[in-house]
Amino acid sequence: MFAITGITGKVGGEVARNLLASKQPVRAVMRDLSKGEAWAQLGCGLVCADINDAAALTSAFKGAESVFVLVPPNFDPSPGFHEARATAATLKSAIEAARPGRVVYLSTIGAQATQSNLLTQHTIIEQVLGELSMPITFLRPGWFMENFSWDVGSATNDGVISSFLQPIDKPVPMVATGDIGRVAAELLQETWKGRRVVELEGPHRVTPNEIATTFASLLGRPVRIEPVPRETWESLFKSQGMKNPTPRIKMLDGFNEGWIEFESAEAGSRKGRVALETVLETLIESR
Ligand SMILES: NC(=O)c1ccc[n+]([C@@H]2O[C@H](COP(=O)([O-])OP(=O)(O)OC[C@H]3O[C@@H](n4cnc5c(N)ncnc54)[C@H](OP(=O)(O)O)[C@@H]3O)[C@@H](O)[C@H]2O)c1
C-alpha cells in the first residue's frame, strides 16, 4: 500500500492517479476528510492527518510499502524558517515511528543551494529526513508550468502577463505536474538503498517569451510579457500581504542569476514528456 500526502493538491493527485492506473493500493492522506469522497470512490482508503500532527501521520504511514511526502507551500515563511524546521522534525518522528519501507519526498530544484531563499525550506527538510534509516528519494522538480494559472486571466483579458523571471529570453527549467506525478509514482514502486536525488524538468527549457507566444497562439490574440522591475518587488509583495518577502525575492534572484539550478545541471536531470502548450491549454480550458 502506498500512502500519499497532498492528494487533494496538484502533484499528490497525479501521483495517486498514476498508482491507481497501475492497480496499486493507495491510502489517501488528507487534513479534511470531507474532500475524500472522490478518492474513496476510486478505491482509496482515507486517513485524516495534518502535516504538523506527528501522531496522525504515524497512523497514516503505518503499514505502507512506500510513502509520498509533500509539504504544503509556504510563500511567506518566518525569518529562520521555523515552520519548515518544525515540519521536518514532525515528519521525521512520524516516519521513524511508522517505519514504512521507503519514502519519496517532493523537494525542489535548487535544494542544494547555499544562499538562503524560499527553497531553503526544502533544504532544511531534506537534511533532517536524510538522517532516516530507510531508503529515501528526494524528487527535485523544476518550476511548475501550472504556476502560470495565475496569468491566464490577464493573458486572456488584457493580452499581457507580468514576469518575475528575467531576462525574458532566459530559458528556465520547468515541468508539468503531470510529469512529476508520473515519475513520483514510478519511484515509489522502485527499490533502492539509502538516499538518492532525482532531478526532473520538462522536455525543454522555457523562456518567459515562450510563455507569451504559447498563450498567444492558444488564445488567438496577441499576448506580450512585461518584466516586473526588481526594485518594485518588495513593496509589491508587502502590498499583497507578505510579512517577509525576502525569501521569495531571493528565490527569484536565484532563478534569474542561475544559482538555483539542478545539482547535476541540465545534462543530469530527467526529462518529462508533457509540453508547455498542453499545460497552458488545460489551464485555459479549466478557467
Ligand atoms: N510551484 C512550484 O513551482 C514548485 C516547484 C518545486 C517544488 N514545489 C513544491 O511542491 C509542493 C506543492 O505541491 P502542489 O503544487 O501539488 O501543492 P498544492 O496543489 O498547493 O496542494 C497542497 C496540498 O497540501 C495539502 N495541505 C495544505 N495544508 C496542509 C496541512 N496543514 N496538512 C496536510 N496537508 C495540507 C492541501 O490540502 P487541502 O486540499 O486540504 O488544502 C493539498 O493537498 C510544495 O512543497 C512546493 O514547495 C513547487
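Residues numbered from 1 in each chain as written. Predicted model: local features only at pLDDT ≥ 70, side-chain atom pairs only at ≥ 80, totals over all residues. Heavy atoms only, no water.

Caption draft 1: A look at the packing of aromatic side chains. With the rule as written, the count across this model stands at five aromatic pairs. Seen in terms of ring centroids, Y105 and F138 are 6.1 Å apart; in terms of plane orientation they differ by 80°. Their pairing is edge-to-face. Within this pair, whereas Y105 is found in strand β5 (residues 102–106), its partner F138 is found in strand β6 (residues 136–141), the two being separated by 33 residues in sequence. With respect to burial, Y105 and F138 carry one shared label: buried. When the ring of F164 is compared with that of W233, the centres are 5.6 Å apart and the planes differ by 70°; the resulting orientation is edge-to-face. Of this pair, F164 sits in the loop between β8 (160–163) and β9 (174–175) while W233 sits in helix α9 (residues 233–239), and the two are 69 residues apart along the sequence. The class for W233 is buried, based on a relative accessible area of 1%. Following the ring pairs from residue to residue traces out a cluster consisting of F164, W233 and F237. Over the face of the ring belonging to W192 we find R196, whose NZ or CZ atom lies 4.1 Å from the ring centre. The side chain of R248 reaches across the aromatic face of F237, ending 4.1 Å from its centre. (Phe/Tyr/Trp six-rings, centres within 6.5 Å; stacked < 30°, edge-to-face > 60°. Helix = DSSP H or I, 4+ residues; strand = E, 2+ residues; numbered from the N terminus. Buried < 20%, exposed > 50% of the residue type's maximum accessible area, 1.4 Å probe, protein only. Lys NZ or Arg CZ within 6 Å of the ring centre and 35° of its normal.)

Caption draft 2: Highlighting the environment of G272. Along the chain, G272 falls in the loop between β12 (270–271) and α12 (276–285). Taking the C-alpha atoms as reference points, G272 and L200, 72 residues apart in sequence, are found 6.9 Å from one another. Look past the residues within four positions of G272 in its chain and what remains in contact with it is D179, R182, L200, E201, G202 and P203. (Contact = heavy atoms within 4.5 Å.)

Caption draft 3: A look at the pattern of salt bridges. In this structure the tally under the stated criterion is 16 salt bridges. Between E263 and R140 there is a salt bridge whose closest N-O contact spans 2.7 Å. Of this pair, E263 sits in the loop between α10 (246–257) and α11 (265–268) while R140 sits in strand β6, placing them 123 residues apart in sequence. Taking the shortest distance from any N to any O, the salt bridge between R205 and E266 comes out at 3.7 Å. With R205 in the loop between β10 (195–201) and α8 (208–219) and E266 in helix α11, the pair connects residues that are 61 residues apart, well separated along the chain. The buried category is assigned to R205, whose relative accessible area is 14%. A relative accessible area of 38% places E266 in the partly exposed class. (Salt bridge = Lys/Arg side-chain N within 4 Å of Asp/Glu carboxyl O.)

Scope: geometric values only; no functional claims are made or implied.
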